[in-house]
Amino acid sequence: MSDSTVYRASTTAPVNIAVIKYWGKRDTALNLPTNSSLSVTLSQKSLKTHTTASCSSSYSGPDSLLLNGEPEDIQSSKRTQACLQLLRRFRKDVEAKDSSLPKLTDMPLKLVSINNFPTAAGLASSAAGFAALVRAIANLYELPHSPTQLSLIARQGSGSACRSLMGGYVAWRAGSSKDGQDSIAEEIAPVSHWPEMRALILVVSADKKGVASTAGMQTTVETSTLFKARAEEIVPKRMALMEEAIQAKDFPKFAETTMKDSNSFHACCLDSWPPIHYLNDVSRAAMNAVETINRRAGELVAAYTFDAGPNAVIYYEEKNEKLVAGVFRYVLQAVTGWDGEYGSNIPLNDRGGLEA
Ligand code: DP6
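Residues numbered from 1 in each chain as written. Predicted model: local features only at pLDDT ≥ 70, side-chain atom pairs only at ≥ 80, totals over all residues. Heavy atoms only, no water.

Colleague: I keep staring at the overall build of the chain and nothing clicks. Help me out?
Modeller: Along the chain, the regular secondary structure elements total eight helices and 15 strands. Per-residue burial for the chain yields a buried fraction of 55% across its 356 residues. When the accessible surface of the chain is totalled, it reaches about 15,100 Å², and 53% of it is carbon and sulfur. (Helix = DSSP H or I, 4+ residues; strand = E, 2+ residues; numbered from the N terminus. Buried < 20%, exposed > 50% of the residue type's maximum accessible area, 1.4 Å probe, protein only. Areas by Shrake-Rupley, 256 points an atom, 1.4 Å probe, with all protein chains shown as cover.)

Here's what the structure looks like:
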């Protein structure tokens, strides 16, 4: 008689928005970056991926993934396959130690994921997506791995995903080994260290981005004349500055470093051939709005940053809520006549990481 038991585990993973950007791979197969990066984890109350992983010997067919109700082709996705293979290998180790455990590795997996935000619009959907996928299967397989150990697996799905396995302020150390065992994410400060931090997301466009990050960063690595200095000299110095700023809760230093790094990343994109344009006129109006806010305040109280798309993320401290959100709305409407939706103010992840 065949056993029809369904084994199941669910989890959620947050979005993270980098303040020091990952852009460039030194090894495309293992997804190893050219430089370290650092991000802030946003609240799961507003932005998250929810994933359920289940397996059963009564399931037929290959492993499958339903993303926002649509089937995804995971058989031909090398990155998803790399994650699934690693997770199965670790489960095999667990099963080898205890023969009474069910042989979950022999069963097909069914994965069901839902994002509560636009997919692939430069809102770090692949980060939350792969982090949730890896964590859900790790829970299903009852793996003993820490978030940092799981970050090694999630990194192979999507680089930025390794930073979504933790809450608060997270560094992804590029590492230097060939096998990537030292290319891991670690939480440098919990959300409780700087709970006044806020993020405002301006959804300029919910369309899919023009140039996907994987392809865009390879074009930059191969053609940008600015890129080598960014990866080898500029980012290492900025990582140190950013960590100091976060430890000291020095917002002006945090803001200056964040904006400079976003600009440096987009300058490298423009310097690539063919050039890559992620920012549009509304993005540039948002940058001007932040500059206006900071000029009025007489110090840096707001910082913009943009990923591989036109959407702006504005970081500020809670005490400057009125100044930032108010001026932002007024200036942007006056400059562009734009009346699109504003993302709500999204505090940092207040759960210190993932839900089980
Ligand atoms: C601009 O993590 O999406 O958001 O590893 O190829 O999947 P792959 O790239 P991905 O790139 C993110 C780039 C970025 C900057 C960042 O999040 O650090």
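Here the narrative resumes, following the displayed structure.
Colleague: Whenever I open this one, the nonpolar core confuses me. Can you help?
Modeller: Residues L38, I246, F254, I314, Y315 and F328 are the most contacted members of the largest nonpolar core, which totals 51 residues. Counting 44 residues, the second-largest nonpolar core is a separate cluster that includes L84, M107, F130 and A132. (Core = buried A, V, L, I, M, F, W, Y, C linked by side-chain atoms within 4.5 Å.)

Colleague: Looking at this structure, I do not really get the site of the ligand. What am I missing?
Modeller: Near the ligand there are 18 residues, and of these Y22, K25, S158, S160 and T214 occur at the shortest range. A distance of 2.9 Å separates an oxygen atom of the ligand from a polar atom in the side chain of R79. Between the ligand and S160 there is a distance of 2.6 Å, counted from an oxygen atom to a side-chain nitrogen or oxygen. Protein chains shield 95% of the accessible area of the ligand, which is 450 Å² for the free molecule. Looking at which element gives the most residues to the shell around the ligand, the answer is helix 4 (residues 213-223), with three residues. (Near = heavy atom within 4 Å. Polar contact = N/O pair within 3.5 Å; in protein donor to acceptor, adjacent residues only side chain to side chain.)

Colleague: What am I meant to see in the environment of K21 here?
Modeller: Locating K21 in the fold gives a position in the loop between strand 2 (16-20) and strand 3 (25-27). Take K21: its relative accessible area is 2%, and that puts it in the buried class. Considered as a pair, K21 and F306 are 285 residues apart in the sequence and their alpha carbons are 9.5 Å apart. Not counting chain neighbours up to four residues away, the residues in contact with K21 comprise N35, S36, S37, R230, D261, F265, T305, F306 and D307. At 2.6 Å, the side chain of K21 forms a polar contact with the side chain of D307. (Contact = heavy atoms within 4.5 Å.)

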